[in-house]
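Survey of secondary and tertiary structure
The lines below spell out each chain.
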Amino acid sequence: MYLVDLRCYHPKVIDHYENPRNVGTLNKSNPAVGTGLVGAPACGDVMKLQIQVDDKTGKITDVKFKTFGCGSAIASSSYMSERVLGLSLDEAEKIQNTEIARELSLPPVKLHCSMLAEDAIQSAIRDYQKKRGTLQ
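Rules used throughout
Within any chain, residue numbers begin from 1 and follow the written order of that chain's sequence. Local features are withheld for residues below a pLDDT of 70 in this predicted model, meaning they are given only at 70 or higher, and side-chain atom pairs are given and counted only at 80 or more; totals for whole chains, interfaces and linings count all residues. The side-chain values count all of the structure's non-hydrogen atoms but skip hydrogen atoms and water molecules. Accessible area is worked out with a 1.4 Å probe on protein chains only. A residue is then buried under 20% of its type maximum, exposed over 50%, and partly exposed in between. The numbering of helices and of strands both runs from the N terminus, where a helix is a DSSP run of H or I of at least 4 residues and a strand a run of E of at least 2. Strand pairing is defined by DSSP finding a minimum of two bridges between the two strands. What is meant by a nonpolar core is a set of buried Ala, Val, Leu, Ile, Met, Phe, Trp, Tyr and Cys residues, joined one to another through side-chain atoms within 4.5 Å. Inter-axis angles, ranging from 0 to 180 degrees, are taken between N-to-C directions of lines fitted to C-alpha atoms, where helices are fitted over the stretch in contact. These descriptions rest on fixed angle ranges, namely under 35 degrees for roughly parallel, over 145 for roughly antiparallel, 65 to 115 for roughly perpendicular, and the rest for oblique. Residue contacts are defined here by distance: any two heavy atoms, one from each residue, within 4.5 Å place the two residues in contact.

Our focus in this paragraph is the pairing of strand β1 (residues 33-40). Counting buried positions along β1 yields 6 of 8 residues, so the element is predominantly enclosed. Across 8 bridges, the pairing between β1 and strand β2 (residues 45-53) is antiparallel. Bridge pairing in β2 links Ala40 to Asp45. From the end of β1 to the start of β2, which pair antiparallel, there are 4 residues, and Gly44 there has a positive phi angle of about 90 degrees.

What follows is the structure, given as structure tokens:
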């Protein structure tokens, strides 16, 4: 039995919900790992997104997430985890919630999920930069 009413979700959301990519955690004490933890108190969604960055190339080499929330929140996290893999921090930082919402065909009532994913990657990047002493 599904925990969500699948009739309300686009097939891409259902795919990411039923087959989430990159679920898990990275070692937050690793200086190459940045962690973003964000939440939306109004709906109860909480998203933790972690990135691992190669010091030599500056590219994101691994991404993990854990999300507590609705199907759209899980799908937004899963999509973001795939989207940023292999990107530079500058490239990843430019990803906006509108891209996530468009890609997943999120309805207006679920746009906050894509905003959380955007906030999570930005928070993870800031955490990584803070650890490395490069926060601007």
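Still more to cover.
All right, on to the nonpolar core then. Nonpolar side chains tend to gather and get buried jointly when the protein is soluble and globular. In this structure, Ile51, Ile60, Met80, Val84 and Ile121 are the most contacted members of the largest nonpolar core, which totals 34 residues. Put simply, the parts of the chain that give this core at least two residues each are α1 (11-18), β1, β2, β3 (60-68), α2 (71-84), α3 (89-93), α4 (97-104) and α5 (111-132). Counting residues per element, this core draws most heavily on α5, at 8 residues.

Our next topic: the packing of α1 against α2. Two numbers describe how α1 lies on α2: the axes approach to 8 Å, and their chain directions differ by 80 degrees. Judged on the interaxial angle alone, α2 and α1 are roughly perpendicular. In contact with Val13, His16 and Tyr17 of α1, α2 contributes Gly71, Ser72, Ile74, Ala75, Ser78, Tyr79 and Glu82.

Take the side chain of Asn97 next. Residue position: Asn97 is located in helix α4. Its relative accessible area of 16% is what places Asn97 among the buried residues. Each residue touching Asn97, except ones within four places of it in the same chain, is listed here: Leu111, Ser114, Met115 and Glu118.

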